[in-house]
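Coordinate analysis (summary)
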Amino acid sequence: MYYKFSGFTQRLVGATAATAYSPQGLKPLVPTTESPDLIFGTSKPAPGLPAADPFLSTNKVPDLQKVFQRSDGLPVHLKLGYPDRMLYRTTMALTIGGTIYCLVALFFASRPKKEK
């Protein structure tokens, strides 16, 4: 059975397959021969910005997928090498240190104060 969201009742209601896969507000894609007018388009770049965007570079996702999917016995959080090992060890040290600090604080809080 197919469902769709009813804007009137604000609940899921039963629907046919065609209406379930075409949500309200989406129109079918119609190819146009002319480009739409730019709303906030400018003919020249803003001053002070480089002509080419420096943040556009090659896609690193396929390379990272190869690194993370390699079966070398390492957990995922240690796959990138030295920086990951340092972050992991720092996190473990802070966790153990915080646990010891809490236990010492509980020990001192559980002992009554001595009267002078």
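These numbers were taken from a predicted model, which means no experiment stands behind them.

Some words on the overall build of the protein
A count of helical and extended segments in the protein gives three helices and two strands. Its helices and strands taken in sequence order, the protein reads β-β-α-α-α from the N to the C terminus. Out of the 116 residues in the protein, the part that is buried amounts to 6%. Pairs at least 24 apart in sequence give 0% of the contacts found in the protein among residues at least 6 apart. Summed over its atoms, the accessible surface of the protein is roughly 11,600 Å², and 65% of this surface lies on carbon and sulfur atoms.

Overview of the side chain of D84
Residue placement: D84 occurs in helix α3 (residues 82-110). Lacking a salt bridge, the buried D84 has R85 as its closest oppositely charged neighbour, with an N-O distance of 8.8 Å. Setting aside residues up to four positions removed in sequence, D84 forms contacts with H77, L78 and K79.

Thoughts on the UniProt feature "transmembrane region" (unreviewed entry) in the protein
The feature "transmembrane region" (unreviewed entry), as given by UniProt, occupies residues 86-109 in the numbering adopted here. Here residues 86-109 runs as 100% helix and 0% strand, with 34 Å between its end C-alpha atoms.

What to know about the side chain of K79
Residue position: K79 is located in the loop between α2 (61-69) and α3. There is a polar contact of 2.4 Å between the side chain of K79 and the backbone oxygen of R70. Discounting residues that sit within four places of it in the chain, K79 has contacts with V67, F68, R70, D72, L74 and D84.

Side note on the pairing of strand β1 (residues 2-6)
When β1 meets strand β2 (residues 11-15), the two strands line up antiparallel, connected through five bridges. Across the sheet, S6 pairs through a bridge with R11, a residue of β2. Taking the residues that link successive antiparallel strands as the turn, the β1-β2 hairpin has four residues, and the phi of Q10 there is positive, at about 60°.

Rules used in this analysis
In every chain, residue numbers begin from 1 and rise along the written sequence. Thresholds applied to this predicted model are a pLDDT of at least 70 for local features of residues and 80 or more for the giving and counting of side-chain atom pairs; totals over whole chains, interfaces and linings are not thresholded and use all residues. As a rule here, side-chain values cover all heavy atoms of the structure and leave hydrogens and water aside. Counting from the N terminus, the helices are the DSSP runs of H or I reaching at least four residues and the strands are the DSSP runs of E reaching at least two. Each residue gets one of three labels from its accessible area relative to the maximum for its type: buried under 20%, exposed over 50%, partly exposed in between, using a 1.4 Å probe on protein chains only. Contact definition: two residues touch when any of their heavy atoms are within 4.5 Å. Note on areas: Shrake-Rupley with a 1.4 Å probe; residue coverage comes only from the protein chains shown. Asp and Glu count as negative and Lys and Arg as positive, but His and the ends of the chain are not part of the count. A pairing counts as a salt bridge when a side-chain nitrogen of Lys or Arg comes within 4 Å of a carboxyl oxygen of Asp or Glu. UniProt positions are given in the numbering used here, feature names are shortened, and annotations may be inferred rather than shown by experiment. We define a polar contact as two N or O atoms separated by no more than 3.5 Å, with the added condition that, inside protein, one atom must be a possible hydrogen donor and the other a possible acceptor, whereas residues neighbouring each other in sequence contribute only through side-chain atom pairs. At least two DSSP bridges between two strands are needed for those strands to be called paired.

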